[in-house]
Amino acid sequence: MGRRARWVVLVLCLAALSAGALPAADEEGNQDESLESKTLSAEDQVKDHSTGTRVVAGQIFLESGKSDSQSENEESFHSQEEEKENSLEELNSLEMSNLLNKDLEEAEIQSPVLTAIGGTADGEPCHFPFLFMEKEYAECTADGREDGRLWCATTYDYKKDQKWGFCESEEQSNKRRQMQEAEDVYQIGMKILNESSKKAQKKVAYQYLLKAADMNHTKAMEKVSYALLFGDYLKQNIQSSKELFEKLTEEGSPKGQMALGFLYASGLGVNSSQAKALVYYTFGALGGNLIAHMILGYRYWAGIGVLQSCESALTHYRLVANHVASDISLTGGTVVQRIRLADEVENPGMASGMLEEDLIQYYQFLAEKGDVQAQVGLGQLHLHGGRGVEQNHQRAFEYFNQAANAGNSHAMAFLGKMYSEGSDVVPQSNETALQYFKKAADMGNPVGQSGLGMAYLYGRGVPVNYELALKYFQKAAEQGWVDGQLQLGSMYYNGIGVKKDYKQALKYFNLASQGGHILAFYNLAQMHATGTGVMRSCHTAVELFKNVCERGRWSERLMTAYNSYKDGDSNSAVVQYLLLAEQGYEVAQSNAAFILDQKASIVGENETYPRALLHWNRAASQGYTVARIKLGDYHFYGFGTDVDYETAFIHYRLASEQQHSAQAMFNLGYMHEKGLGIKQDIHLAKRFYDMAAEASPDAQVPVFLALCKLGVIYSLQYIREINIREVFSHIDMDQLLGPEWDLYLMTIIALLLGTIIAYRQRQHQAIPRPAGLRPAVPQQEPPPEHQAPQ
């Protein structure tokens, strides 16, 4: 019996592993949901552990964590293990099959049977299916009842036997009806939220969601809790959001667990605790929350609250990157607008990448007047979104259509891409896409050539033809089009239409990554992670996967936070930036530190500088120069920490050496001049001042003033150090000028006096006399040059 029990346990364990231990995620399919977090299903979480690698639509999907070399080294070992396993299987296959059959029979017998409650057959088992009103029911139904309570028949024919009972108690029925009502309210709210772009309508939608949340609807509570946290369409209330997150966590919501971890990490509404934050992040990640995975990836990469582990970071980042890459279409990924608030303040005239409303209206005016370039430009802006323009496929289609009718090949190619992808505005049509691609390709357009290559590669509207696909991809790649480079790399990687060549694949993936293609980064990351075609490098793979992860839908929160800050709501902006900072966004870390530096009211006055210092430090570790200088300033002036000139000097030196910052060089010059944190050295001070002037034209004026001051200080110091009387006592004039030096000196003085006297006399002679004493000079008429003939 004991042996049989062990087999049963083994079988159940294997069944549990094959089914997946992680809960499946909910998919809502709305944009606002993606801003908060997404959840992976169990199938997505184990995607990394299948065998082999393949590229689909430009993406390398890893099916094994081992490189080719590792597989070859372990082949002999596996063959020996397989022989042992085969022998064991032959011995135990009969026993296993018998046990499985018996266990399955017992499981069927022991499966719970629904028992009727009340009615005419109280306590009797429900019979499925049963016949009611000439219709068979395989489950409990509320048909025929006005109160909506579920019931079942205990015999097959209800009309004949009239044997029935309730499937639920009255309390369960009330609870179910309440949840159904909450679901209806939630769906109304979500419908308004997804269909409207007006702020007033979205506020109405959140009132419905708030009502559903009060009825304990889980998804509504998730939406409302994040809205209260960020101040999205509801008044910001950290305490209320915390209470909802705690309630969601008790119910096992991964989103609630991740958000509660964020509150503990940032110390919002609770006492900061990195240990608790790590626990909640871990539970959220185990539940499949992508943002929790991303946060853990960054923490393991940077060693925040955990031991630094590149491999652990790689595991988390790869999982999120797989999901982000699978969302990328031919039209490309989300445009991430990275605007640094500190740079905007330091350089007000510097372009932030945002288009002014007046400029957009000017381009619209040109487009309406028939300017083809303006039409194509606006079409691309609305197709991808970004630079202050919302994504709008309808307007993109209209602009491309106008330009295509005018004969623009670029517009034709983008219309082909829109038809190839399909959307709510443009129906998917391979035939129409192919027509536009052919027209554009015939005109030598690389976008059209790449689209035509995709059609031949996957047989979209034409028979599959790898040779033609390769030909068109090569033409597009030669013109620098990133999609062509990416697909060409994929063909070389898989050996489709060409001989498999990892070096060529690496070359084209690198070219596409220089153009910013997200799938190129993803493919390079997979190659570095597995050591395919390159030396395996965990560090490089993590950095590339991190880049991919930061292009996910949640990056749209960067623009939401920026708009909140511009609207004067710094509390909402700082909370959004803090969450993105936890995910590892350097721009969010620096922006959160910048707002905290300005004494954000959401944080206690005594905590602003220490928290700002923390995020400046994280941003500096990712290579942001201003953050490194800020660290030096904080230690120099004692903001959020003790005054420490030596540490300040180290940060300034790092910024000077690594990023060649003129500000850091100037500060180093000042510290050398004053002897702060370093031995005083005026010569080194001048050297750093000169380096600052060379590094930036803007530093030339302050450097000139600093050098003038330095010159005065140097002169005074020199005079102070020497003894003038002692210097003159050591001078021997006889030896220096000869024995008759005094005669020479007197002669020189006499000559100087004579020169001065002569100069003064000439000045007196040149003084004009009064007009009355001046002798009259007779006026003479000039002789006529020519006389006119009389």
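Definitions and limits used
- Residues numbered from 1 in each chain as written.
- Predicted model: local features only at pLDDT ≥ 70, side-chain atom pairs only at ≥ 80, totals over all residues.
- Heavy atoms only, no water.
- Helix = DSSP H or I, 4+ residues; strand = E, 2+ residues; numbered from the N terminus.
- Buried < 20%, exposed > 50% of the residue type's maximum accessible area, 1.4 Å probe, protein only.
- Contact = heavy atoms within 4.5 Å.
- Core = buried A, V, L, I, M, F, W, Y, C linked by side-chain atoms within 4.5 Å.
- Phe/Tyr/Trp six-rings, centres within 6.5 Å; stacked < 30°, edge-to-face > 60°.
- Lys NZ or Arg CZ within 6 Å of the ring centre and 35° of its normal.
- Polar contact = N/O pair within 3.5 Å; in protein donor to acceptor, adjacent residues only side chain to side chain.
- Axes fitted to C-alpha atoms, helices over the stretch in contact; angles between N-to-C directions.
- Parallel < 35°, antiparallel > 145°, perpendicular 65-115°, else oblique.
- Left-handed = near helix turned anticlockwise from the far one by under 90°.
- Nonpolar A, V, L, I, M, F, W, Y, C, P; charged D, E, K, R; others polar.
- pLDDT = per-residue confidence, 0-100.
- Disulfide = S-S within 2.5 Å.
- Patch = residues over 30% accessible without salt bridge, like charges linked within 9 Å, V, L, I, M, F, W, Y side chains within 5 Å.
- Areas by Shrake-Rupley, 256 points an atom, 1.4 Å probe, with all protein chains shown as cover.
- Salt bridge = Lys/Arg side-chain N within 4 Å of Asp/Glu carboxyl O.
- Expected span 1.5 Å × (residues − 1).
- Arc of directions from axis to C-beta.

**Some thoughts on the overall build of the chain**
Phase 1: A count of helices and strands for the chain gives 37 helices and 6 strands.
Phase 2: Of all 790 residues assigned to the chain, the portion counted as buried reaches 43%.
Phase 3: Restricting to contacts in the chain with at least 6 residues of sequence separation, those with at least 24 account for 53%.

**Let's talk about the nonpolar core**
Phase 1: In this structure, Phe262, Tyr317, Tyr577, Ile595 and Trp616 are the most contacted members of the largest nonpolar core, which totals 153 residues.
Phase 2: Broken down by element, this core gets its largest block of residues, 9 residues, from helix α24 (residues 518–530).
Phase 3: The residues touching Tyr577, leaving out its near neighbours within four places in the chain, are Leu341, Leu558, Ala561, Tyr562, Ala588, Asn591, Ala592 and Ile595.
Phase 4: Of all hydrophobic cores here, the second largest spans 12 residues; its members include Cys126, Tyr137, Phe166 and Cys167.

**Looking at the packing of aromatic side chains**
Phase 1: As enumerated under the stated definition, the model contains 28 aromatic pairs in all.
Phase 2: With a centroid separation of 5.7 Å and 90° between ring planes, the pair formed by Tyr609 and Tyr634 is classed as edge-to-face. Pair noted here: Tyr609 is in helix α29 (residues 608–621) and Tyr634 is in helix α30 (residues 625–637), with a separation of 25 residues, a long-range link.
Phase 3: The positively charged end of Arg149 is found above the aromatic ring belonging to Phe166, 3.8 Å away from the centroid.
Phase 4: Seen from the ring of Tyr624, Arg340 lies directly overhead, with NZ or CZ sitting 4.6 Å from the centre.

**Considering the side chain of Glu168**
Phase 1: Along the chain, the position of Glu168 falls in the loop between β6 (164–166) and α6 (170–195).
Phase 2: In this structure the side chain of Glu168 is engaged in a polar contact, spanning 3.2 Å, whose partner is the backbone nitrogen of Leu150.
Phase 3: Excluding its chain neighbours within four sequence positions, the residues that come into contact with Glu168 are Ile117, Arg149, Leu150, Ser173 and Arg176.

**With respect to the packing of helix α19 (residues 430–442) against helix α20 (residues 446–458)**
Phase 1: For the pair α19 and α20, the least separation of the axes is 7 Å and the interaxial angle reads 135°. Between α19 and α20, the interaxial angle falls into the category oblique. Between α19 and α20 the crossing geometry is left-handed. Contacts between α19 and α20 pair Leu434, Phe437, Lys438, Ala440 and Ala441 from the former with Val447, Gly448, Gln449, Gly451, Leu452 and Ala455 from the latter.
Phase 2: Its residues assigned to classes, the contact of α19 with α20 comprises 7 nonpolar, 3 polar and 1 charged.

**Here we look at the packing of helix α27 (residues 570–582) against helix α28 (residues 586–597)**
Phase 1: Closest axis-to-axis distance for the α27/α28 pair is 8 Å, and the angle between their directions is 145°. Viewed along their axes, α27 and α28 form a crossing whose handedness is left-handed. Contacts between α27 and α28 involve Ser570, Ala573, Val574, Tyr577, Leu578, Leu580 and Ala581 from the first element and Ala588, Gln589, Asn591, Ala592, Ile595 and Leu596 from the second.
Phase 2: Residue composition of the contact of α27 with α28, grouped by class: 10 nonpolar, 3 polar and no charged.

**A closer look at the confidence of the model for the chain**
Phase 1: Averaged over all residues, the pLDDT of the chain is 79; the fraction at 70 or higher stands at 76%.
Phase 2: Mean pLDDT values for the elements of the chain range from 41 in helix α1 (residues 2–19) up to 96 in helix α12 (residues 290–302).
Phase 3: Here residues 61–110 is a poorly scored stretch, pLDDT under 50, and it has 45 contacts once near neighbours within four places are set aside; other chains count.
Phase 4: Below pLDDT 50 for its whole length, residues 769–790 participates in 1 contact with residues either more than four positions away or in separate chains.

**Section: the state of the cysteines**
Phase 1: Summed over the entire model, instances satisfying the criterion amount to 3 disulfides.
Phase 2: What pairs with Cys126 in a disulfide is Cys152, and their sulfur atoms sit 1.8 Å apart. With the S-S bond torsion at -60°, the cross-link from Cys126 to Cys152 turns out left-handed. Taken together, the residues Cys126 in the loop between α4 (68–110) and β3 (130–132) and Cys152 in strand β5 (residues 151–153) connect sequence positions 26 residues apart.
Phase 3: Residue class for Cys126 comes out buried when judged on its relative accessible area of 11%.
Phase 4: By relative accessible area, Cys152 is classed as buried at 0%.
Phase 5: Residue pairing for Cys310: its cysteine sulfur links by disulfide to Cys538, the two sulfurs lying 2.0 Å apart. Judged by the sign of its S-S torsion, about -115°, the cystine formed by Cys310 and Cys538 is left-handed. Remark: Cys538 occurs in helix α25 (residues 538–549) and Cys310 occurs in helix α13 (residues 310–327); sequence separation between them is 228 residues.
Phase 6: Overall, the relative accessible area of 27% leaves Cys310 in the partly exposed class.

**Regarding unusual backbone geometry**
What is expected of a backbone is that most residues other than glycine have negative phi and most peptide bonds are trans.
Phase 1: Residue Pro129 is reached from Phe128 by a cis peptide bond, and omega for that bond is -5°.
Phase 2: With a phi angle near 65°, Asn216 is a residue other than glycine that sits in the positive phi range.
Phase 3: Among the secondary structure elements, Asn216 is positioned in the loop between α7 (199–214) and α8 (218–230).

**Considerations on a nonpolar patch on the surface**
Phase 1: There is a patch of nonpolar side chains on the surface, built from Leu745, Ile749, Leu753 and Ile757 and spanning about 360 Å² of accessible area.
Phase 2: Within the fold, Leu745 resides in helix α37 (residues 741–765).

**Some words on the pattern of salt bridges**
Phase 1: Applying the stated rule across the entire model yields 17 salt bridges.
Phase 2: Here Arg618 ties to Glu582 by a salt bridge, and the two come within 3.3 Å at their closest N and O atoms. Taken as a pair, Arg618 in helix α29 and Glu582 in helix α27 lie far apart in primary sequence, 36 residues in all.
Phase 3: A salt bridge links Asp690 to Lys686; its shortest N-O distance comes to 2.9 Å. One end of the pair is Asp690 and the other is Lys686, both in helix α33 (residues 682–695) and 4 residues apart, which spans about a single turn.
Phase 4: Owing to a relative accessible area of 25%, Asp690 belongs among the partly exposed residues under this scheme.
Phase 5: Taking the relative accessible area as the measure of exposure, Lys686 reaches 42% and is therefore partly exposed.

**Focus: α28**
An α-helical turn contains 3.6 residues, so a residue and the one three or four places further along point in the same direction.
Phase 1: Its 12 residues place the ends of α28 16 Å apart at the C-alpha level, agreeing with the 16 Å of an ideal helix rising 1.5 Å per residue.
Phase 2: Burial analysis of α28 places 12 of its 12 residues in the buried class, the great majority of the element.
Phase 3: Those residues of α28 that fall on the buried side of the exposure criterion are Glu586, Val587, Ala588, Gln589, Ser590, Asn591, Ala592, Ala593, Phe594, Ile595, Leu596 and Asp597.
Phase 4: Remark: Lys599 follows α28 within two positions and exhibits a positive phi of approximately 65°.

**Considerations on the environment of Val279**
Phase 1: Structurally, Val279 can be placed in helix α11 (residues 274–286).
Phase 2: With a relative accessible area of 42%, Val279 lands in the partly exposed category.
Phase 3: For the pair Val279 and Gln257, spaced 22 residues apart in the sequence, the C-alpha separation amounts to 8.9 Å.

**Considerations on the environment of Tyr436**
Phase 1: Counting through the fold element by element, Tyr436 comes out in helix α19.
Phase 2: What makes Tyr436 buried here is its relative accessible area of 19%.
Phase 3: Here the alpha-carbon distance between Tyr436 and Gly451, two residues 15 residues apart in the chain, equals 9.2 Å.
Phase 4: What Tyr436 contacts, discounting residues up to four positions off in sequence, is Asn401, Met412, Leu415, Gly416 and Tyr419.

**Some words on α33**
Phase 1: Helix length check: α33 (14 residues) gives 20 Å between terminal C-alpha atoms against 20 Å at 1.5 Å per residue, within 8%.
Phase 2: Where α33 is concerned, the buried positions are Ile682, Ala685, Phe688, Tyr689, Ala692 and Ala693. Buried residues in α33, looked at end-on, bunch into an arc of 140°, giving them a common side. Turned more than 90 degrees away from the buried face of α33 sit His683, Arg687 and Glu694, all of them exposed.
Phase 3: In this structure Asp681 caps α33, since a side-chain oxygen of it lies 3.1 Å from the backbone nitrogen of His683.

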